[in-house]
Amino acid sequence: MEIKIVQAPPAQRKAKPADESKLGFGKIFSDHFFTMTYHTGRGWHDPLIEPYRKLQLDPTAMCLHYAQEIFEGMKAYRGKGGALFLFRPLENIRRMNVSAERLCMPRIDEEVFLEALKKLVILDREWIPHGSGTSLYIRPTMIATEAALGVHPSDEYLFFIIAGPVGAYYPEGFGPTKIFVTEEFSRAVPGGTGYCKAGGNYAASLYAGQIAKGMGYTQVLWLDAAERKYVEEVGTSNMFFLIGDELITAPLQGTILPGVTRDSVIQLARSWGVTVPERRLAMDEVMAAIADGTLREAFASGTAAVVSPVGQIYYRGNEYPIAGGKTGNLTERLYNEILQIQYGEKDDPFGWRVKVAD
Ligand SMILES: *Cc1c(COP(=O)(O)O)cnc(C)c1O
């Protein structure tokens with residue numbers, strides 16, 4: 001399938017943000033986006049990069065009623081010499097197809113998907129900011145567009161990819177976060193869609209997030225839904241605890257999102273000789289490790305921040321400081337290593353970097 005490109009006329013192009021220190025996240029998007037349409041019986045057709053525009057949907061479009069919607073989140077990075085890189089894009093592409101299968105949506109050919117990412121990044125390369133730690137955030141999305149009410153898998157879909165510049169996550173150095181353990185709400189259940197990047201999961205997580213924010217916490221730490229005993233994830237990131245000499249993270253058993261950053265952290269830490277068990281970790285064990293001083297570091301991992309140190313945990317009415325509220329050595333080493341691989345400043349022993357342009 002040949003991807004057609006229709007360029008935005010110069011008069012229609014937007015001004016690039018003047019101050020890269022004020023980019024923030026998710027507010028500004030580039031001049032173009034990728035679209036591709038699916039009809040049952042015909043398959044995916046008309047892959048196109050076109051000027052960014054509003055979508056037209058029938059009010060009965062099925063995504064609006066039954067949440068048949070999935071997405072991905074990844075970044076393009078500008079290296080010091082001007083080369084452009086993606087980080088492990090095939091992992092995002094495959095994960096989107098896993099989400100698609102679970103939500104009865106059509107899979108996307110890996111090659112077409114990768115080609116669309118590369119072509120969009122190259123066409124809108126001027127939108128990739130230059131400042132240290134800045135990047136182009138990329139949001140592939142699939143929605144059910146069939147105009148019909150009644151719960152059934154849609155016969156029509158739109159796949160699109162938008163991209164926009166985002167600022168450095170830590171412009172003034174690490175800021176350890178405060179997290180709130182909820183025993184009242186669940187994000188995902190066994191047999192559910194917790195392992196998918198499906199919009200519905202995030203709608204279901206907002207309520208607990210608001211409660212946590214109201215109490216002064218940045219993120220919710222989710223426990224398993226069955227027993228509310230074991231650590232699962234934090235906000236939209238995976239969670240790691242360094243207890244003694246072991247870096248412990250939850251296993252992939254269908255209720256947590258298999259983060260690309262999670263996997264990168266595991267591989268890197270193991271290559272440095274750190275033991276990284278993927279096992280269930282009970283809150284009791286975390287509390288015991290805080291009490292006896294063996295909980296050395298805690299951090300969340302995800303594309304947005306790479307790693308985000310946790311400085312405080314709220315659990316059952318009490319606040320517990322972690323690592324004295326400071327960023328741990330292993331957390332910082334993982335952050336620096338992954339960032340340098342992403343920006344082409346270090347060897348890439350695992351072959352994670354994909355060069356898109358020189
Ligand atoms: C996206 C996401 C993550 C992190 O995945 P990355 O691929 O590392 O960005 C973790 N948990 C949830 C719930 C997510 O949505």
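Residues numbered from 1 in each chain as written. Predicted model: local features only at pLDDT ≥ 70, side-chain atom pairs only at ≥ 80, totals over all residues. Heavy atoms only, no water.

A few points about the packing of helix H5 (residues 260–271) against helix H7 (residues 329–342)
As a reminder of what qualifies: Every axis corresponds to a line fitted to the C-alpha atoms, with the helix fit spanning only the stretch in contact, and the corresponding angles, defined between N-to-C directions, vary from 0 to 180 degrees. Only DSSP runs of H or I reaching four residues or more are called helices, and only runs of E reaching two or more are called strands; each is numbered from the N terminus. Oblique is the label for any angle not covered by the other classes, which are roughly parallel (under 35 degrees), roughly antiparallel (over 145) and roughly perpendicular (65 to 115). Two residues form a contact once any of their heavy atoms are found within 4.5 Å.
Contact pair H5 / H7: the axes reach a minimum separation of 11 Å and the direction vectors enclose 110°. The angle between H5 and H7 places the two elements in the roughly perpendicular class. On the side of H5, the interface is formed by Ser264, Val265, Leu268 and Ala269, while H7 contributes Leu334, Glu337 and Ile338.

Some words on empty space enclosed by the protein
Empty space left among the atoms is revealed by rolling a probe the size of a water molecule over them. Put simply, the rule is: Here a cavity means grid points, on a 1 Å grid over the protein atoms only, where a 1.4 Å probe fits yet cannot get out; a pocket means an open set of points with protein on both sides within 12 Å along at least five of seven lines; lining residues are those with an atom within 4 Å of a point. Grid points are joined across faces, edges and corners, and a volume is the space filled by probe spheres set on the points. In this entry, domain limits derive from an automatic or database-based domain assignment. Under the scheme applied here, ten amino acids are nonpolar (Ala, Val, Leu, Ile, Met, Phe, Trp, Tyr, Cys and Pro), four are charged (Asp, Glu, Lys and Arg), and all others, including Gly, are polar.
A complete count under the given rule lists 2 cavities of 30 Å³ or more for this structure. Its volume calculated, the largest cavity comes out at about 100 Å³. Contributing to the lining of the largest cavity are Met74, Lys75, Tyr77, Phe87, Asn92, Val260, Thr261, Gly302, Thr303, Val306 and Gln342. Per element, the largest residue contribution to the lining of the largest cavity is 3 residues, and it comes from strand S5 (residues 74–78). Residue-level mapping places the lining of the largest cavity at the junction of two domains, with at least three residues from each of domain 1 (4–166) and domain 2 (177–342). By volume, the second largest cavity amounts to about 40 Å³. Residue lining of the second largest cavity: Val231, Met239, Phe241, Ile248, Thr249, Ala250, Arg279, Arg280 and Leu281, and that is the complete set. Counting only elements with at least two residues in the lining of the second largest cavity, the list comes to strand S12 (237–243) and strand S13 (246–249). Grouping the amino acids of the lining of the second largest cavity by side-chain chemistry returns 6 nonpolar, 1 polar and 2 charged.

Concerning a nonpolar patch on the surface
Stated formally: Each patch groups residues whose relative accessible area exceeds 30% and which form no salt bridge, using 9 Å between like charges and 5 Å between nonpolar side chains of Val, Leu, Ile, Met, Phe, Trp and Tyr. Each accessible area is a Shrake-Rupley result for a 1.4 Å probe, and residues are judged covered by the shown protein chains and nothing else. By definition here, a salt bridge exists when the distance from a side-chain nitrogen of Lys or Arg to a carboxyl oxygen of Asp or Glu is within 4 Å. Three labels apply to residues, based on accessible area from a 1.4 Å probe with only protein chains included: buried if under 20% of the type maximum, exposed if over 50%, partly exposed otherwise in between.
Side chains of Leu55, Leu57 and Leu64 sit close together on the surface and give an oily, nonpolar patch of about 240 Å² of accessible area. Structurally, the position occupied by Leu55 is in the loop between strand S3 (43–51) and helix H1 (63–66). Taking the relative accessible area as the measure of exposure, Leu55 reaches 33% and is therefore partly exposed.

Overview of helix H2 (residues 89–102)
Worth spelling out the cut-off: Take the number of residues in a helix, subtract one, and multiply by 1.5 Å to get its expected span.
Counted at 1.5 Å a residue, the expected span for H2 with its 14 residues is 20 Å, and the 20 Å between its end C-alpha atoms agrees. Those residues of H2 not exposed but buried are Pro89, Asn92, Ile93, Arg95, Met96, Asn97, Ser99 and Ala100. Cys104 occupies a position one or two residues after H2 and carries a positive phi of about 55°.

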